[in-house]
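# Analysis of the macromolecular model
Now for the letters of each chain:
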Amino acid sequence: MNSTQEQLKLKLTQALVAAFGTDYTNTDPILVSASNPKFGDYQANVALSLSKKLGKPPRIIAGEIVNKLDVSDICEPPEIAGPGFINLKLQTSYLEAQLNAIQLDSRLGIPKATIPQKQIVDFSSPNIAKEMHVGHLRSTIIGDSIARILEFCGHDVLRLNHVGDWGTQFGMLITYLREVYPEALTTANALNIGDLVNFYRQAKQRFDEDPVFQESSRQEVVRLQAGAEDTLHAWKLLCEQSRQEFKIIYDLLNIQLIERGESFYNPLLSKVVENLAATGLLESSQGAKCVFLDGFTNREGNPLPLIVQKSDGGYNYATTDLAALGYRIQEDKAKRIVYVTDEGQSNHFAQFFQVAKKANWIPDDVELVHVPFGLVLGEDGKKFKTRSGDTVRLRDLLDEAINRARADIEKRLQEDGRTETEEFIQNVAEVVGISAVKYADLSQNRTSSYVFSYDKMLSLKGNTAPYLLYAYVRIQGISRQGNIDFTNLGINRQILLKEDAELTLAKHLLQLDEVIKEVEQDLLPNRLCDYLYQLSDKFNKFYENCPVLKSEEPARTSRLMLCDLTAKTLKLGLSLLGIKVLERM
Ligand code: ARG
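Reference entry: report on the structure contained in this document. (Residues numbered from 1 in each chain as written. Predicted model: local features only at pLDDT ≥ 70, side-chain atom pairs only at ≥ 80, totals over all residues. Heavy atoms only, no water.)

### So, the site of the ligand
Going by this rule: The cutoff for a nearby residue is simple: one of its non-hydrogen atoms must lie within 4 Å of the molecule or strand. Contacts described as polar in this section are N or O atom pairs within 3.5 Å, which, within protein, must combine one atom able to donate a hydrogen with one able to accept it, while residues neighboring in sequence count only if both atoms come from side chains. What sets the accessible areas is the Shrake-Rupley method with a 1.4 Å probe; for residues, cover comes only from the shown protein chains. The helix and strand labels rest on DSSP assignments: H or I over at least four residues marks a helix, E over at least two residues marks a strand, and numbering proceeds from the N terminus.
Contacts to the ligand come from Asp-122, Ser-125, Asn-127, His-136, His-162, Tyr-317, Asp-321, Tyr-339, Thr-341, Gln-345 and Phe-349. Between a nitrogen atom of the ligand and a side-chain N or O atom of Asn-127, the distance comes to 2.8 Å. In isolation the ligand has 350 Å² of accessible area, and contact with the protein removes 90% of it. Where the shell around the ligand is concerned, the elements lending two or more residues are helix 11 (317–330) and strand 11 (336–342).

### Remarks on unusual backbone geometry
Let me state the cut-off plainly: The cut-offs for exposure are 20% and 50% of the maximum accessible area for each residue type, with area from a 1.4 Å probe on protein chains only; residues under the lower value are buried, those over the upper are exposed, and the others partly exposed.
Across the junction of Glu-553 and Pro-554, the peptide omega takes the value 5°, indicating a cis bond. Take Pro-554: it is sitting in the loop between helix 19 (526–545) and helix 20 (555–576). Residues other than glycine seldom take positive phi values, yet Ile-30 does so here, at roughly 50°. With a phi close to 50°, Gln-286 is a non-glycine residue in the positive phi region. Position of Gln-286 relative to the elements: it lies in the loop between strand 8 (282–285) and strand 9 (288–291). Look at Gln-286 and you get exposed, because its relative accessible area is 79%.

### With respect to the sheet that holds strand 8
To be explicit about the condition: Pairing between two strands is assigned when DSSP locates at least 2 bridges connecting them. Angles here are taken between N-to-C directions and fall from 0 to 180 degrees, while the axes themselves are lines fitted to C-alpha atoms, restricted in helices to the stretch in contact.
Pairing within the open sheet is antiparallel, and its 3 strands lie in the order 8-9-10. Each edge of the open sheet is held by one strand with a lone partner, namely strand 8 and strand 10 (306–309). Pairs of neighbouring strands in the sheet enclose a mean axial angle of 45°, with direction left out of account. As paired strands, strand 8 and strand 9 are joined by 4 bridges and run antiparallel to one another.

### A few points about the packing of helix 19 against helix 20
Between two packed helices, what matters for the description is the angle formed by their axes and the separation of those axes. Here is the rule: Orientation is classified from the angle alone, with under 35 degrees giving roughly parallel, over 145 giving roughly antiparallel, 65 to 115 giving roughly perpendicular, and any other angle giving oblique. Two helices that cross are described as forming a left-handed crossing if the nearer one is turned anticlockwise from the farther one by less than a right angle, and a right-handed crossing if clockwise. Contacts: residue pairs with any heavy atoms within 4.5 Å of one another. For this classification, the nonpolar set comprises Ala, Val, Leu, Ile, Met, Phe, Trp, Tyr, Cys and Pro, the charged set comprises Asp, Glu, Lys and Arg, and every other residue, Gly included, is treated as polar.
One way to put it is that helix 19 packs onto helix 20 with a least axis distance of 10 Å and a crossing angle of 160°. When the axes of helix 19 and helix 20 are compared, the pair comes out roughly antiparallel. Regarding helix 19 and helix 20, the two cross each other, and that crossing is left-handed. Across from Leu-528, Tyr-531, Leu-532, Leu-535, Ser-536, Phe-539 and Phe-542 in helix 19, the residues of helix 20 making contact are Arg-559, Leu-562, Cys-563, Thr-566, Thr-569, Leu-570, Gly-573, Leu-574 and Leu-576. A breakdown of the residues in the contact of helix 19 with helix 20 according to their chemical character gives 11 nonpolar, 4 polar and 1 charged.

### Things to note about helix 3 (residues 58–68)
In plain terms, the rule: The reported arc concerns the directions from the helix axis to the C-beta atoms and nothing else.
Of the residues making up helix 3, those classed as buried are Pro-58, Ile-61, Ala-62, Ile-65 and Val-66. Buried residues along helix 3 cover an arc of 135° about the axis, so they all sit on one side. Contacts from the buried residues of helix 3 go to helix 1 (4–20), helix 2 (46–54), strand 3 (79–81) and strand 4 (85–88).

### Considerations on the nonpolar core
Operational definition: We call a set of buried Ala, Val, Leu, Ile, Met, Phe, Trp, Tyr and Cys residues a nonpolar core when their side-chain atoms join them within 4.5 Å.
Counting 154 residues, the largest nonpolar core has Ile-65, Leu-99 and Leu-397 as the members making the most contacts within it. Among the elements that line this core, the one with the most residues is helix 14 (residues 422–442), at 12 residues. Not counting residues within four places of it along the chain, the set of residues in contact with Leu-397 comprises Val-134, Leu-137, Phe-384, Val-392, Val-437, Phe-452 and Tyr-454. The next biggest cluster of nonpolar side chains, apart from the first, holds 33 residues, and it includes Ala-318, Phe-349, Ile-362 and Leu-368.

### Topic: the state of the cysteines
Selection rule: Criterion for a disulfide: a pair of cysteine sulfur atoms within 2.5 Å.
Per the counting criterion, the structure on display carries 0 disulfides. With no disulfide of its own, Cys-563 has Cys-546 as its nearest cysteine by sulfur position, at a separation of 9.6 Å. Given a relative accessible area of 0%, Cys-563 falls into the buried group.

### A look at the environment of Lys-456
On the secondary structure map, Lys-456 appears in helix 15 (residues 454–457). Exposure remark for Lys-456: the relative accessible area of 62% places this residue in the exposed category. In this structure, the C-alpha to C-alpha distance between Lys-456 and Phe-292, residues 164 residues apart in sequence, is 46 Å.

### Remarks on the sheet that holds strand 3
The 4 strands are arranged 1-2-4-3 in an open sheet whose pairing can be described as antiparallel. What marks the edges here is a single partner per strand, and that holds for strand 1 (31–33) and strand 3. Averaged over all neighbouring strand pairs, the angle between strand axes comes to 35°, with direction disregarded. For strand 3 and strand 4, the ladder comprises 3 bridges, and the chain directions are antiparallel. Residue pairing in the sheet places Ile-80 in a bridge with Ile-86 of strand 4. Those strands touched by helix 3 are strand 3 and strand 4, and its axis lies near 170° from that of strand 3.

### A look at the packing of helix 2 against helix 3
Closest axis-to-axis distance for the helix 2/helix 3 pair is 8 Å, and the angle between their directions is 110°. Taken together, the axis directions place helix 2 and helix 3 in an arrangement best described as roughly perpendicular. Here helix 2 and helix 3 pass one another in a crossing that is right-handed. Where helix 2 approaches helix 3, its residues Val-46, Ala-47, Leu-48, Leu-50, Ser-51 and Leu-54 are matched on the opposing element by Pro-58, Ile-61, Ala-62 and Ile-65. Looking at side-chain class alone, the contact of helix 2 with helix 3 contains 9 nonpolar, 1 polar and no charged residues.

### Comments concerning the pattern of salt bridges
To keep it simple, the criterion reads: Salt bridges are identified by distance alone: a Lys or Arg side-chain nitrogen within 4 Å of an Asp or Glu carboxyl oxygen.
Per the counting criterion, the structure on display carries 39 salt bridges. Close ionic contact of Arg-243 with Glu-259 constitutes a salt bridge, the shortest N to O distance being 2.8 Å. Taken together, the residues Arg-243 in helix 9 (residues 229–253) and Glu-259 in strand 7 (residues 258–259) connect sequence positions 16 residues apart. On the accessibility criterion, Arg-243 (31% relative accessible area) is partly exposed. In this structure, the salt-bridge partner of Asp-332 is Arg-260, at a minimum N-O distance of 2.9 Å. Of this pair, Asp-332 sits in the loop between helix 11 and strand 11 while Arg-260 sits in the loop between strand 7 and helix 10 (269–278), and the two are 72 residues apart along the sequence. One network of salt bridges, in which partners are shared, links Asp-144, Arg-148, Glu-151 and Arg-159.

Here it is, written out as structure tokens:
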């Protein structure tokens, strides 16, 4: 099924062609949601944009379009307003038919992409032996939601974790490992070296103060690159330790990812530099191999090169990204590659995309997108830190959210004099806590920084996960209260729309596909959050104005169906944000 908006666009285009000829086949009818519901549901503004070209007043053009426009199966007769807007109001019978049709469809009538694509989402991507910080949390949450939406659209999505598991820091780490856990380099069993972040700090300290240690570290890098057995063993051990810590977070957040770290591309790096040299783009600068591009300058205004090989022969983050890009295009056959990182890396992505384009490595049908996001701030508006000024460990952050959600539910149970099992309470706490963290992040326009506030994100009021989860629970409550089986509402089930609140809710329910299509393009999950927030709001207004269980047939069944469809829409929408619903809370 095509969305209402698409059907109307198509019909408007047909009318344009009928009125002005085939030159207008690709003219955008400029169909937008009506600015004021008084005037209808949509308005087409194309007449205004054609006035100059056709040499006629827009109202006349609008009239000529409307004469050829046949939307009688969807809309009331179109009206021309103001300087030449074409106002369209959806017919109630059309809305009813649409709702009745999507009711039973597991995709709620939302079609898959006509051309499914291989798409890669590169997200999360923490660094081995370093802390997985709130920036990685944002990347994980946003990247997962984007991947879910693209998957739902029917694309073949490869979720890649571009883990930072290679680089000169391993020389230092392995040298330190030799000092403090010599047995680690030979024993077969992985042993627990405890807090890796601390370990990293100590290794760094040794490195900074001891030139002999520095020299050993450099040699260790050489040994690692040459594949020396004991060094490789130590490297694997460090990676495995980090991986276990990352997994705790991924399990808590329910995230699926395929690890393909930087080390994977290591064998391809020399070739990248070679190929780049062959394009003539490569220049030598102070012994390093670089590409200089117009428009990239540092703070002093001097040209800022993309360095692909350092003077000591070592490769860079950018070299790895260029190699990964080639691999993803040639081997993975990706047509769209999406990178989710903090906006601090925007320059890096712009620069290496540009280099790859200049080198002619990007076929015309491949799209590269950097999806940047802003910072997470503390309630004081500064960088998010613990009270003692340390960086917040993700594990602690998520536990805290769960604990607070648990305190909330225990308080509510006490107030209501309800008793529930421990299992129930723990499950609600986990779902609410994790959802709250995810939703707080996703509901912001990702390019802005946001203030991390447990109180706000766990509130039952406002644009929060608990508010949305509660709307869903409320609907399940109606079915329990009335002993209603939503899957079995009888054969004469029909949605019939009479009251304004019903119509408003109905129209909103039918807009999910438009929203999903937008997010598929612009990769802004906050649009979906807004949609769901408004849906809950419109549902609550409907529920306040239209009695459900107490009304007479056929309104009663119709309203139950609207409730059920709202619940299904919430459940589907939330699942695309990586959020599970609760039947009770
Ligand atoms: N490991 C990097 C970091 O922690 C993120 C990697 C993003 N992906 C990429 N292909 N560069 O900042």
